[in-house]
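# What the coordinates show
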Amino acid sequence: MDYLDRLARFVEEVRLDRLTEDAVAAARLVLLDTIGAIAAGSAQPENRRLAEAMRGRGSRPAASLIGHGGRVDPLLATFANATAGVALEVDEGSRLGGGHPAIHVIPAALAVAEDTGADGRRLLEAIIAGYEVCSRLGGATTPRPNVHSHGTWGTIGTAVAVAKLAGLDASGVRSVINLSASMSPANTWTPALEGVTVRNAYPGRSGLEGILAVDLHRAGFTGLPDAPSDVYGTILADRFEPERALDGLGGPLRIQQNYFKLYACCRYNHFALDALLPLVKAGEIRADDVDRVVVTTIPFGPRMGSAEPESMLGAKFSIPYAVGAALVLGRADVSAFLPPALGDARIRDLASRVEVVPDPDMSPRRADHPAARVEVRLKGGRVLTGVTRVVRGDFEDPVPTAEVVEKFVSLASPPLGDDHAREVVKVVDRAETLTDLRELTALLAPRG
């Protein structure tokens, strides 16, 4: 039995009644967090226009456009909802997998489950299965330097979740993994670093492709016997190591080993922010007293070294801007990357005095070694230092569930209304008892 057979067998055997309550609770919390990211991102002007364009296609009304109201074909809902879910950079992720499984799994799982009348148990099982497989394949992949993980192995996560909802056996799941791997989009980091929002369509596009992979399987299309090794091993990655996809299989689920984002920016900023913000909040640093800042971090860090981002998305992928905003505002929430903060001369001035230095021993996937060291040099000559190993919100430094819930409420209340947002929390908390998912999706339209 090779690695794909074992992953496919795992998918077939996922049942809530075989899982611990901790595992089910983790899946519910990831579902809630992802809905919050989608709802908040739906308010961006381009996402409002995208949702309207999807409605204008005249498709059958089967799946909800989160944050907008109305239903469209699951393909179109997945595309719009997944695209919105990364707009504000608040969606959760997997340090072990090196990417963001939930935003590649949940939009399609929710859309297809709503369309097919699946209950809450089947939805959670599909989410767990898709998350596990794509996180594991991501962990087995060492991408080429300019390959962005959004939309690559996430296509497989979508396809696995939809296959689980369809009740495919292990043989069918393996077929779907191989078909979807060969449909994985090739995406680069360049749009994100340049701050252009086509990058947000990466998970939308891969979600759409993942659904279509199941359609191809049903239609009798065939795939390679080991498509992940072909696609990731020869095109998208420097290395693909299939055996690593099985590390720890049968232990804690990957959805239990995730991280929740507590800052509204690229994860690679969080290492520096977690080292810096405790010093700021303790009153040890005042922005006016800062002479310069040196951030030593992962080798990718200097690529995020632009001190003059031209857009919200560009600011979210700028270590100097994030550091400057944290020093001036004392936070790195959604508002720190929007006007008026985006044009704040104090933030821009401090950003120009931030140096980003790479350390080849630092890695975003390690927990046994620092991921960032921040040295703040004050005008009087004093130097303050902060170090981050594991970012707060990671499964190895978790935050209380209540904090993740309040994050959701803060994100979802503006588009949905506070009452709706808090009702969503209650419904997701009993997701496995839902016999009709429209009890949940009916709450995901904007307040009247």
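Refer to the structure printed above.
Being a predicted model, the structure only gives us computed values, none of them experimental.

For the structure shown, the criterion picks out 33 salt bridges. Linking Glu21 and Arg28 is a salt bridge whose minimum nitrogen-to-oxygen distance equals 2.7 Å. Given a relative accessible area of 46%, Glu21 falls into the partly exposed group. As a salt-bridge pair, Arg346 and Asp344 come within 2.8 Å of each other at their nearest N and O atoms. Of the residues examined, Asp344 reaches a relative accessible area of 15% and is grouped as buried. One connected set of salt bridges, linked through shared partners, spans Glu21, Arg28, Asp429 and Glu432.

Now for the layout of surface pockets. Rolled over the atoms, a probe sized like a water molecule indicates the empty space that remains. Here the largest pocket is characterised by a volume of approximately 760 Å³. Around the largest pocket sit 35 residues that line it, and Pro143, Trp189, Tyr268, Pro364 and Arg365 are the ones nearest its centre. Listed by contribution, the elements that provide at least two residues to the lining of the largest pocket are β3 (141–143), β4 (237–240) and α12 (267–281). At three residues, β3 tops the list of elements feeding residues into the lining of the largest pocket. Here the residues of the lining of the largest pocket are counted per class, giving 14 nonpolar, 10 polar and 11 charged. Estimates place the volume of the second largest pocket at around 590 Å³. What lines the second largest pocket is a set of 25 residues, among which Leu262, Tyr263, Ala332, Asp333 and Val334 lie closest to the centre. Breaking the lining of the second largest pocket down by element, the ones donating at least two residues are α12 and α16 (401–416). With six residues, α16 is the single largest residue contributor to the lining of the second largest pocket. A class-by-class count of the residues in the lining of the second largest pocket yields 15 nonpolar, two polar and eight charged.

Each value, and the rule that gives it
Counting from 1, residues in each chain are numbered in the order their sequence is written. Local features are withheld for residues below a pLDDT of 70 in this predicted model, meaning they are given only at 70 or higher, and side-chain atom pairs are given and counted only at 80 or more; totals for whole chains, interfaces and linings count all residues. Water and hydrogen atoms play no part in the side-chain values, which are based on all heavy atoms of the structure. Salt bridges are defined by distance alone: a side-chain nitrogen of Lys or Arg within 4 Å of a carboxyl oxygen of Asp or Glu. When a residue's accessible area, from a 1.4 Å probe over protein chains only, is under 20% of the maximum for its type it is buried; when over 50% it is exposed; and in between it is partly exposed. Space inside and on the surface of the protein is sampled on a 1 Å grid over the protein atoms alone, with a cavity defined as a set of points where a 1.4 Å probe fits but cannot get out and a pocket as an open set with protein on both sides within 12 Å along at least 5 of 7 lines; lining residues have an atom within 4 Å of a point. Grid points are joined across faces, edges and corners, and a volume is the space filled by probe spheres set on the points. In this description a helix means any DSSP run of H or I spanning at least four residues, a strand means any run of E spanning at least two, and both kinds are numbered starting from the N terminus. The residue classification treats Ala, Val, Leu, Ile, Met, Phe, Trp, Tyr, Cys and Pro as nonpolar and Asp, Glu, Lys and Arg as charged. All others, Gly included, are polar.

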